[in-house]
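Topology and contacts: notes
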Amino acid sequence: MSGIILAIESSCDETSASVVSHGNVLSNIVSTQEVHQKYGGVVPELASRAHQKNILPVVSEALKEAKIEKSDLDAVAFTKGPGLLGALLVGASFAKGMAMSLDIPLIGVNHMQAHILAHFIDDPKPQFPFLCLTVSGGHTQLVVVKSPLEMEVVGETIDDAVGEAFDKTAKIMGLDYPGGPLIDKYAKDGDPLKFEFPNVNIPDYNFSFSGIKTAFLNFMRKESQKNENFIEENKADICASIQHTLIKILMKKLIKASKELNIKEIGIAGGVSANSSLRNTILEEGKKRGWNVFIPEFEHCTDNAAMIAMAAHYQFEGNDFEALSTSPNPRMKFTGTNE
Ligand code: KG4
Ligand code: ZN
């Protein structure tokens, strides 16, 4: 059985709502909070306040665009975790209130699982099993996806996430938050081989990005001491070189896992999968290796409620509901199994 579900995403700095009907996304409204830009990162207290302010208009707009009345809804879903506690609480409380007043079930979604299920919003959809590289601001994981609700995390970062590496290196360069999209933009005019940064070797399918961040900081300090305009004069080359290094680390493990696990259905998910060079590299590599590559639409890569709605759709079919007494879990693990 399936139905019409309203989904809410409020884990970080996007307030988003989406309506899905029998697996088809009817609307996806995303309001990005700009208040954090000048602070060089997301300020949790400001995020909670902005969610509180945005949530009602965003939900109303999502229902209006989908041409759905509240009384048509069969369930309401929210991001249960991982994320910022105060931010998650806004979405969870709102969803609970709606579920209670409409007397419909409540669905709690794992944000990381939802990033992967963004692959099922648009066509063509991957076949099972597929191998997904999830790259976001908080996570870097390699996941074998056996079915919509059956996944196995085979590798992950042992320290920073790759999105964090993008954002922190951008911050060192004096760029605004979030730095990932800016590095992507400036890198387009730069030489990816101009500067070299160390590529730490981590066993299995795991990743590490904290060493590269430190090496980058030391390099920038050293060069800026010699020439105070170093960053400004070499902006494009620095961005292209650091981006190239980060993508090389990701690709190495993705290729290894694909070969050893013998999976050629390959997907990428999460905010960093919006990166144009990562998208191109994976497509080119895929051509060479006979992969079927799946990259979600740009707006389904960064945080959005359509992916939460898609996950909720499958959970609804699997009768996976939450009690009204539930609370969000900021450190919710994603191991692949839906316990
Ligand atoms: O998935 P997401 O929207 O939020 C989390 O769940 O963390 O990912 C946000 C991350 C940020 O680190 C941001 O800098 C990065 O995705 N990002 C990018 C690009 N667009 C977003 N990184 C590199 N290139 C981009 N074009
Ligand atoms: Zn995310």
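Data block above holds the structure.
Presented here is an overview of the structure given in this document. This one's a predicted model, so the numbers in the text were calculated from it and none came from an experiment.

Now for the sheet that holds strand β7 (residues 140-147). Read across the sheet, five strands follow the order β8-β7-β6-β9-β10 without closing on themselves; strand pairing throughout is mixed. The sheet is open, and its two edges are formed by β8 (150-156) and β10 (292-294), each paired on a single side. Ignoring strand direction, the axes of neighbouring strands in this sheet form an average angle of 25 degrees. Looking at chain direction, strand β9 (residues 265-269) and β10 are connected through three bridges and run parallel. Looking across to β10, one finds that G267 is bridged to F294. Of the strands in this sheet, β6 (130-135), β7, β8 and β9 touch helix α8 (residues 235-261), which is tilted by about 160 degrees from β6.

Turning our eyes to something else, we now look at the coordination of the zinc ion (ligand 2). Here the zinc ion (ligand 2) is held by H111 (NE2), H115 (NE2) and D303 (OD), and the distances to it run 2.0 to 2.1 Å. Spacing between the donor residues of the zinc ion (ligand 2) along the chain follows H-x3-H-x187-D. On the criterion of helical spacing, the pair formed by H111 and H115 is a turn pair, its members being four residues apart in helix α3 (residues 111-117). Each member of the pair H111 and H115 is classed as buried.

For strand β1 (residues 4-9), a buried count of six out of six residues is recorded, marking the element as mostly surrounded by other parts of the structure. The two faces of β1 match: I4, L6 and I8 on one face and I5, A7 and E9 on the other face are all buried. Hairpin remark: β1 followed by strand β2 (residues 14-21), antiparallel, with four residues in the connecting loop. In terms of strand pairing, β1 meets strand β4 (residues 75-81) through four bridges, oriented parallel. Residue pairing across strands places I5 opposite A75, the latter belonging to β4.

Where helix α4 (residues 162-172) is concerned, the buried positions are V162, G163, A165, F166, D167, T169 and A170. Contacts from the buried residues of α4 go to β6, β7, α5 (179-187), α6 (210-226) and α8. Looking one or two residues past α4, G174 carries a phi angle of roughly 85 degrees, positive in sign.

Residues G81 and P82 are joined by a peptide bond in cis, for which omega reads -10 degrees. Relative to the assigned elements, P82 resides in the loop between β4 and α2 (85-102). Omega for the bond connecting F128 with P129 falls within 30 degrees of zero, at -5 degrees, which places this linkage in the cis form. As for its position among the elements, P129 is in the loop between α3 and β6. Non-glycine residue D103 carries a positive phi angle of around 55 degrees. For D103, the location among the structural elements is in the loop between α2 and β5 (106-110). A positive phi angle is found at D204, which is not glycine, with a value near 60 degrees. Secondary-structure assignment places D204 in the loop between α5 and α6.

This part covers the side chain of H51. In this structure, H51 sits in helix α1 (residues 44-66). Apart from residues no more than four positions distant in its own chain, H51 is found in contact with S10, C12, E14, T15, Q33, A87 and V90.

Here we come to the sheet that holds β5. The strands that make up a sheet are held in pairs by hydrogen bonds between backbone atoms, and each pair lies either parallel or antiparallel. Pairing is mixed in the open sheet, where five strands are placed in the order β3-β2-β1-β4-β5. Two strands close off the open sheet at either side, each with one partner strand: β3 (24-32) and β5. On average, each strand axis in the sheet is inclined to that of its neighbour by 20 degrees, with strand direction left out of account. The sheet contacts of α1 involve β1, β2 and β3, and relative to β2 the element is tilted by about 25 degrees.

On the secondary structure map, L217 appears in helix α6. L217 sits 39 residues away from K256 along the chain, and the two C-alpha atoms are 29 Å apart.

With that settled, consider the packing of aromatic side chains. Enumeration according to the criterion identifies eleven aromatic pairs in this entry. On the basis of an interplanar angle of 80 degrees and a centroid distance of 5.9 Å, the ring pair of F219 and F230 is categorised as edge-to-face. Of this pair, F219 sits in helix α6 while F230 is found in helix α7 (residues 230-233), placing the two residues eleven residues apart along the sequence. Taking the relative accessible area as the measure of exposure, F219 reaches 19% and is therefore buried. Three or more aromatic residues joined by ring pairs form one cluster here, namely F195, F197, F216, F219 and F230. If you follow K235 out to its NZ or CZ, it ends over the ring of Y186, 4.3 Å from the centre.

What counts as what
- Residues numbered from 1 in each chain as written.
- Chains lettered and ligands numbered in written order.
- Predicted model: local features only at pLDDT ≥ 70, side-chain atom pairs only at ≥ 80, totals over all residues.
- Heavy atoms only, no water.
- Pairing = 2+ DSSP bridges.
- Helix = DSSP H or I, 4+ residues; strand = E, 2+ residues; numbered from the N terminus.
- Axes fitted to C-alpha atoms, helices over the stretch in contact; angles between N-to-C directions.
- Contact = heavy atoms within 4.5 Å.
- Donors = N, O, S within 2.8 Å, 3.2 Å for Na, K, Ca; no water.
- Buried < 20%, exposed > 50% of the residue type's maximum accessible area, 1.4 Å probe, protein only.
- Phe/Tyr/Trp six-rings, centres within 6.5 Å; stacked < 30°, edge-to-face > 60°.
- Lys NZ or Arg CZ within 6 Å of the ring centre and 35° of its normal.

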